[in-house]
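Chain by chain, the residues run as shown.
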Amino acid sequence: MKRRPSIALRLALGLTAGMALLWVGAGAISVGVMQHELNEAYDDSLQQSAQRLLPLAVHDLRERHHNGLLIVGDGDDDGDDVSDRRGRSVPHDPSFTYLIRDAAGQVVLRDLHASKLVVPAHIPDGFGELDRQRTFTLTEERNGNSIVVVETSDRRLTGLRDSISALGLPLLALLPLMAGGIWLAMRLALRPLEVLRRDIALRDSRNLQPLSSDGHPVELAPIANAVGALLSRLKSALDAERSFAARSAHELRTPIAGALAQTQQLAAELGNGSGSTRLREIEAALKRLSTLSEKLLQMARVEAGFAKSDLETDLLPVLTMVIQDINANSIWRGRVQVETGTATLVAPIDPDAFAIAVRNLVENALKHGAQDSPVQVLLENGGTVRVRNAGPLVDAAELARLGQPFVRGATTADGSGLGLSIARSILEQAGGLLVLKSPSPDAIDGFEAAMVLPKIRP
Amino acid sequence: MRVLLIEDDNVLGAAIRDHVLSIGHALDWMQRIDDARLAIAGVNYELVLLDLNLPDGRGLDLLRDMRSAGSKVPVIITTAQDQVAVRIEGLNSGADDYLVKPFDLSEMAARIAAVARRYGGSPAPEITAAGVTIDLGRRTATVDGEKASLTARAWAVLERLLARRGGIVTKSEIEDSLYAFGAEVESNAVEVYVSRLRKKLGRDFVQTIRGLGYQVNA
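Heads up: these notes are all about the structure in this document. (Residues numbered from 1 in each chain as written. Chains lettered and ligands numbered in written order. Predicted model: local features only at pLDDT ≥ 70, side-chain atom pairs only at ≥ 80, totals over all residues. Heavy atoms only, no water.)

1. Some points on the overall build of chain B
The helix and strand inventory of chain B stands at 8 helices and 14 strands. Long-range contacts, defined here as pairs at least 24 residues apart, represent 57% of the contacts in chain B between residues at least 6 apart. Carbon together with sulfur atoms contributes 48% to the accessible area of chain B, which is approximately 9400 Å² in total. (Helix = DSSP H or I, 4+ residues; strand = E, 2+ residues; numbered from the N terminus. Contact = heavy atoms within 4.5 Å. Areas by Shrake-Rupley, 256 points an atom, 1.4 Å probe, with all protein chains shown as cover.)

Next comes the structure, spelled out in structure tokens:
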């Protein structure tokens, strides 16, 4: 299954990437500025070194009356023409080297480390570059001596690298922390969304009450209000549908009852006279119409979601009343036997829906079972009602099809093919189960429909 | 038996009326609760067929009022409402039976007979009295193993007498069972039907208690 994108994760990644880019940009600007300042500082240092060294070196040369090249420094002498090693009064800084020329352009003094340098004879005063090394040249106007100071260290590069490290390393360390922090903050910020989701998830066809969560953030309030309005409209529509189905059942029964009663009375008055056969056919058609409309309206009520209930109801009186009612009918008189024992029957199901389911199952057993055998209704502890009848065996394939709308078993008895389907829909909607078996338990034939009622919620 | 039908639907009411009359009972038909109240106040009905939704009120209110006033008249509710709550409310209000529309007229007649038998003190449909076996459910009478054929009116008189078996039933009570409002009461009708019963079921089956009425011995 494809994983759904997470808003929190997306925002965390996006914000982290944005923050990192900003940081890198700011760091680059800082490094640029820092490099510029460092260059200025090092250039200044180079210039000051030249300005201090030149008079000192010239003075030193004059004091010694030295002719030829004087080499100064603290390292090993690798030159062959070293004439004097006492030039220690000239300060030495390892970060740069230098050489001094007289007015004729001859090198008269050089730093020990300057031997490796190839310095052109005439370099204009000021800053310059020599083999990618920064130089500063200064000429004394009085005697024409000049000094070339060459920066030998990579301190500029080191300084730049240190700056980049100082700005970049914290970013690398902080990036995961920042991403985690943003993700956590997003989760906290999105918590009201989860509360709203749970609240909406609790709504179904039996629970269309307004959302119980409140105090939504400004961003969620319009969504919560829209969902609330939708629930309200849905509730109105479902209420109207339930009411219509219930009222239709009532309104249809009276005219059908009138037509049926008039037909039966006319048939009774005609006796076996002319037209009586046709009249009996009309009566049978009216009865089928009555049964079918009754079942269709029951289906409409079930589809409007009336079976599920949040209230637990004692269904034993309902069961007893339905069975008494069926047994009171002169057609079925005495055929239904009930064994309730000491079992209780309390379940969260609408009592009317339960009555419809029981009536359908018992009438089904009475119509399609063996006509000379009783129908047994057994009540078990734990909320199971079993309706058993003797009769022909129903094979597994037919058993699997039974319970679907308009599917009838191999029977010639009157029926709409909806009774089992309605009973199954009622039970499943309420959270229970209808289990069909053939043969009936402890028998070699027959049929059992077991209503497993929904459990009481703790 | 004198029956009060309270039903506002013309088509159904007419069919019920004709059927109840055809099985020998007298019937008054009211379509409103206030008319029904007047009828109940003036006549000792032996059974009421009561619809619940009427133009001027609920049938259950009438039933409660009847029971509050001490009336023990059997009441069968005939209604299009099959909700469990309404049915329980109806039975708790004092109804004796509950028929959901549409119903067979024969089923209604059987329920009427069953309720009447319960009120007559013998819920079993079969009665043996003075050597005659009578099945009230099937409306058959057997005398010494031979079936006796009775008209609907004769059955109505017989049921009225059997409802108070061993007790005296006055002539006017039998007349009430035979004639509805507005029907012309024939002066010697009761004597005629009693005579027919004696002819079919035996001379001693119905005894005349002079000056009081008639009696069927247990």
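2. Digging into the packing of aromatic side chains
Residues and elements named next belong to chain A. The final tally for this structure, using the stated rule, is 1 aromatic pair over all chains. Considering the side-chain rings of Phe 127 and Phe 136, the 4.7 Å spacing of their centres and the 55° angle between planes classify their relative orientation as tilted. For Phe 127, a relative accessible area of 35% puts it in the partly exposed group. (Phe/Tyr/Trp six-rings, centres within 6.5 Å; stacked < 30°, edge-to-face > 60°. Buried < 20%, exposed > 50% of the residue type's maximum accessible area, 1.4 Å probe, protein only.)

3. Examining the interface of chain B and chain A
Contacts between the two partners involve 28 residues from chain B and, on the opposite side, 28 residues from chain A. Carbon and sulfur atoms supply 56% of the area that chain B and chain A bury against each other, a total of about 2300 Å² over both sides. Joining chain B to chain A, the criterion identifies 3 salt bridges. Asp 325 of chain A is the salt-bridge partner of Arg 87 of chain B, the closest N and O atoms lying 2.7 Å from each other. Linking chain B with chain A are 10 residue pairs in polar contact (both at pLDDT 80 or more), by the criterion used here. For the side of chain B that touches chain A, the secondary-structure elements that each account for two or more residues are α1 (10–22), α4 (84–92), β7 (97–100) and α5 (105–119) of chain B. For the side of chain B that touches chain A, the element with the most residues is α1 of chain B, which contributes 7 residues. (Buried area = accessible area lost by both parts, 1.4 Å probe. Salt bridge = Lys/Arg side-chain N within 4 Å of Asp/Glu carboxyl O. Polar contact = N/O pair within 3.5 Å; in protein donor to acceptor, adjacent residues only side chain to side chain.)

4. Points about the sheet that holds strand β1 (residues 2–6) of chain B
Residue and element names in this part refer to chain B. The parallel open sheet is built from 5 strands, whose spatial order is β2-β1-β3-β6-β7. Because the sheet does not close on itself, it has two edges, and the strands there are β2 (26–30) and β7. Neighbour-to-neighbour, the strand axes of the sheet open up by a mean angle of 20°, direction not taken into account. Looking at chain direction, strand β3 (residues 47–50) and strand β6 (residues 75–79) are connected through 3 bridges and run parallel. Within the sheet, the bridge partner assigned to Leu 49 lies in β6 and is Ile 76. (Pairing = 2+ DSSP bridges. Axes fitted to C-alpha atoms, helices over the stretch in contact; angles between N-to-C directions.)

5. Side note on the sheet that holds strand β9 (residues 132–135) of chain B
Residues and elements named next belong to chain B. Strand order in this open sheet of 4 strands is β8-β9-β10-β11, and the pairing throughout is antiparallel. On the outer flanks of this sheet lie β8 (126–129) and β11 (146–148), each paired with one strand and no other. Each neighbouring strand pair of the sheet contributes to a mean axis angle of 25°, computed without reference to strand direction. Examined bridge by bridge, strand β10 (residues 140–143) and β11 share 3 bridges and lie antiparallel to one another. When the sheet's bridge partners are listed, Val 143 is paired in β11 with Glu 146. The strands that helix α6 (residues 152–163) touches are β8, β9 and β10; relative to β9, the one it contacts most, it runs at about 105°.

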